[in-house]
Amino acid sequence: MSASQKKEYCFKAIAYLKVVAPDSDSEVVELSHEDSPILKDIGYGLLVGYLVDEGQHYSYVQQKHLEAAGISESELHSSAVNNLRAIAEQKLEVKTYGSMYIALMGGDFEASLMLLPDFWSDWYGHLSKNGFVAAFPARDLLAFGDIENPNVVSELRAMCERASNGETDQPLTNQLFTNVSGTRAQPAV
């Protein structure tokens, strides 16, 4: 691939929320620097990876792609978040589920929606007068609601419990988050 093709490849990437692998993970694979995926640590055991849709599968943007494209991690992140936003603008549906809301978008990037500040402010800010509490226990699960509603908190905790009991093949975190706004989410107390 030429430098311009590598640049185009990188600019197709979609921001993807991941969890830091636990230290006890026995399936750790050591990669060379150039083959390592670009990962941004956003705290609380969460990372942002950058995926390119290859048709039948997704591929991670790796160091070698970024270096050949001559772009920064910051440029990659900004472009990938914009690509996630574009997908959400086309596919996203938010439905009421009990006392909370769930985001539906095709099954791959729901949890990644927490990376979009406009999701929480412009698009759905009206759903919570007291601030949001959100859960994203798996890549295909994002649920949220008003932090002052005790039913929301208990329903989110129950959803996280079900996910941690093996009801998902892509677990992320059982932690509830507040002050969700892009990469500035913080764990709920």
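Given the structure is predicted, the values throughout are model-derived calculations rather than measurements.

**Some remarks on the overall build of the protein**
Phase 1: Summing up its helical and strand segments, the protein has five helices and 10 strands in all.
Phase 2: Taken over 189 residues, the protein has a buried fraction of 42%.
Phase 3: Long-range pairs, those at least 24 residues apart, make up 63% of the contacts in the protein with a sequence separation of at least 6.

**Focus: the pattern of salt bridges**
Phase 1: Inspection of every chain in the model, using the stated rule, returns four salt bridges.
Phase 2: Here R85 and D118 are joined by a salt bridge, their closest N and O atoms 2.7 Å apart. Of this pair, R85 sits in helix 3 (residues 73-91) while D118 sits in helix 4 (residues 117-123), and the two are 33 residues apart along the sequence.
Phase 3: In this structure D118 comes out as buried when scored by relative accessible area, which is 15%.
Phase 4: For K95, the salt bridge goes to E93, with nearest N and O atoms at 3.2 Å.
Phase 5: Taking relative accessible area as the criterion, E93 reaches 41% and is therefore assigned partly exposed.

**Focus on the pairing of strand 2 (residues 39-43)**
Phase 1: In the sheet, strand 2 pairs with strand 3 (residues 46-53) via four bridges, with the strands oriented antiparallel. What sits directly across from G43, in strand 3, is L46.
Phase 2: Between the end of strand 2 and the start of strand 3, which pair antiparallel, lie two residues, with Y44 showing a positive phi angle near 55°.

**Concerning the environment of E54**
Phase 1: On the secondary structure map, E54 appears in the loop between strand 3 and strand 4 (58-60).
Phase 2: Looking at E54, the relative accessible area reads 38%, which means it is partly exposed.
Phase 3: Residues contacting E54, with those up to four places away along its chain left out, are Y9 and S59.

**Section: the side chain of S128**
Phase 1: Structurally, S128 can be placed in the loop between helix 4 and strand 7 (132-138).
Phase 2: S128 gets classed as buried once you look at its relative accessible area, which sits at 8%.
Phase 3: In contact with S128, other than residues within four places in its own chain, are G145, D146 and I147.

**Here's the deal with helix 1 (residues 3-10)**
Phase 1: Among the residues making up helix 1, those that are buried are K6, Y9 and C10. All buried residues of helix 1 lie within an arc of 95° about the axis, which places them on one face of the element. Pointing more than 90 degrees away from the buried face of helix 1 are the exposed residues S4 and E8.
Phase 2: In this structure, the buried residues of helix 1 make contact with strand 3, strand 4, helix 2 (63-69) and helix 3.

**Comments concerning unusual backbone geometry**
Phase 1: Positioned with a positive phi, Y44 is a non-glycine residue whose angle comes to about 55°.
Phase 2: Counting through the fold element by element, Y44 comes out in the loop between strand 2 and strand 3.
Phase 3: Accessibility expressed as a relative area gives 51% for Y44, which makes it exposed.

**Description of the packing of aromatic side chains**
Phase 1: For the structure on display, the rule yields 13 aromatic pairs.
Phase 2: With a centroid separation of 5.1 Å and 50° between ring planes, the pair formed by F119 and Y124 is classed as tilted. Grouping residues by exposure puts F119 and Y124 together as buried.
Phase 3: Between Y124 and F144, the aromatic rings sit 6.5 Å apart at their centres with planes inclined by 50°, giving tilted as the arrangement. Here F144 lies in strand 8 (residues 141-146) and Y124 lies in the loop between helix 4 and strand 7, a separation of 20 residues in the sequence. In this pair, the class of Y124 matches that of F144, namely buried.
Phase 4: Members of the aromatic cluster, each reached through a chain of ring pairs, are Y101, F119, W120, W123, Y124, F132 and F144.

Thresholds applied
Residues numbered from 1 in each chain as written. Predicted model: local features only at pLDDT ≥ 70, side-chain atom pairs only at ≥ 80, totals over all residues. Heavy atoms only, no water. Helix = DSSP H or I, 4+ residues; strand = E, 2+ residues; numbered from the N terminus. Buried < 20%, exposed > 50% of the residue type's maximum accessible area, 1.4 Å probe, protein only. Contact = heavy atoms within 4.5 Å. Salt bridge = Lys/Arg side-chain N within 4 Å of Asp/Glu carboxyl O. Pairing = 2+ DSSP bridges. Arc of directions from axis to C-beta. Phe/Tyr/Trp six-rings, centres within 6.5 Å; stacked < 30°, edge-to-face > 60°.

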